[in-house]
Amino acid sequence: MNLTLKVWRQTNINDKGQFVTYQAKDIADDMSFLEMLDIVNDDLTRKGEDPIYFDHDCREGICGMCSLVINGRPHGPEYGTTTCQLHMRSFHDGQTIVIEPWRAAAFPVLKDLAVDRTSFERIQQAGGYVNVNTGGVPDANAIAIPKRIADEAFESATCIGCGACVAACKNASAMLFVSAKISQFALLPQGQTERYERAQSMVDQMDAEGFGNCTNTGACEAECPVGIKMTNIARMNREYFTAKLFREEDVHN
């Protein structure tokens, strides 16, 4: 198939940026979206032009690096799919495809389609860990946890931190990401030691990074490639408000 691509090109964080039109020719249906971009970049390189800059790593839907807004949707038109798992059979010959980076003040554009998502890392560092000494692996695994709780904690832990929830939200809210990272610990007995401090620290860091508040529209859950549920946001709010019932000096001891 032959496609018209309208790609966001931006030299650096201070550049205004603009859409540039390219032609993608002889694209096979079984190619992934990133393979299609590789072919376009090969053609640009042969012409002596600057190739399109985009993030990728595992190309297996695990790392979350392939963060692109495709025709207005984070990761493209398919449900539960990252950009690297999206295949060109989802498009048709002659179609125009608009490709943009994540749009959020907390995700500044580094170049073209790549954004700086270290704000997520700082939120994780604020409280996404456990200090309790559980001994060796057999000792930790010996802690009895109901299957329903273990499954729910695991589902929260599957968040890959791609940022699609932020890109989908009109307020650029990171609450689905933060709530998933809080939930995976709050549900388990190993995570109870810093339970309330974690909720306050991570939410405070989220606000400091400039993310917006939840809109309750459900766009984050709809566009999440691994299906993180909005019920995590409700849990995060409960954890945060419960923590505020304690004095700050008690919580942070």
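Note that the structure is a prediction, hence the values are computed from the model and not measured.

**Things to note about the overall build of the protein chain**
Along the protein chain, the regular secondary structure elements total ten helices and seven strands. For the protein chain, the spread of C-alpha atoms along the three principal axes comes to 60 × 40 × 35 Å. With 253 residues in all, the protein chain has 46% of them scored as buried. Across the protein chain, the fraction of contacts at a sequence separation of at least 24, relative to all contacts at a separation of at least 6, is 69%. Carbon and sulfur atoms make up 49% of the accessible area of the protein chain, which totals about 12600 Å².

**Some remarks on the packing of helix H2 (residues 118-127) against helix H6 (residues 175-186)**
In contact at an axis separation of 11 Å, H2 and H6 are set at 30° when each is read in the N-to-C sense. Accordingly, the angle class assigned to the pair H2 and H6 is roughly parallel. Relative to H6, the crossing made by H2 is right-handed. Side by side, H2 and H6 meet where Phe120, Ile123 and Gln124 of the first sit next to Phe177, Val178 and Lys181 of the second. Here the contact of H2 with H6 is composed, by residue class, of four nonpolar, one polar and one charged.

**A short note on the packing of aromatic side chains**
Centre-to-centre distance and the angle between the planes together describe a pair of aromatic rings. A complete count under the given rule lists seven aromatic pairs for this structure. A network of ring pairs unites the aromatic residues Phe107, Phe120, Phe177 and Phe211 as a single cluster.

**Some details on the environment of Ala153**
By the secondary structure assignment, Ala153 is in helix H4 (residues 147-157). Assessed through its relative accessible area of 4%, Ala153 is described here as buried. Along the backbone, Ala153 and Ile182 are 29 residues apart, and their C-alpha atoms lie at a distance of 9.7 Å. With sequence-adjacent residues up to four places away left out, Ala153 is seen in contact with Gln184, Leu187 and Leu188.

**Section: the packing of H6 against helix H9 (residues 231-243)**
Taken N-terminus to C-terminus, the directions of H6 and H9 make an angle of 70°; their axes are 8 Å apart at the nearest point. Relative to H9, H6 is oriented roughly perpendicular. Between H6 and H9 lies a crossing of left-handed hand. When H6 is examined against H9, the residues Met175, Leu176, Val178, Ser179, Ala180, Ile182, Ser183 and Ala186 are found in contact with a partner set consisting of Asn232, Ile233, Arg235, Met236, Asn237 and Glu239. Along the lines of polarity and charge, the residues of the contact of H6 with H9 split into eight nonpolar, four polar and two charged.

Definitions and cut-offs
- Residues numbered from 1 in each chain as written.
- Predicted model: local features only at pLDDT ≥ 70, side-chain atom pairs only at ≥ 80, totals over all residues.
- Heavy atoms only, no water.
- Helix = DSSP H or I, 4+ residues; strand = E, 2+ residues; numbered from the N terminus.
- Buried < 20%, exposed > 50% of the residue type's maximum accessible area, 1.4 Å probe, protein only.
- Contact = heavy atoms within 4.5 Å.
- Areas by Shrake-Rupley, 256 points an atom, 1.4 Å probe, with all protein chains shown as cover.
- Axes fitted to C-alpha atoms, helices over the stretch in contact; angles between N-to-C directions.
- Parallel < 35°, antiparallel > 145°, perpendicular 65-115°, else oblique.
- Left-handed = near helix turned anticlockwise from the far one by under 90°.
- Nonpolar A, V, L, I, M, F, W, Y, C, P; charged D, E, K, R; others polar.
- Phe/Tyr/Trp six-rings, centres within 6.5 Å; stacked < 30°, edge-to-face > 60°.

Without other data, these values stay purely geometric and don't point to any function.
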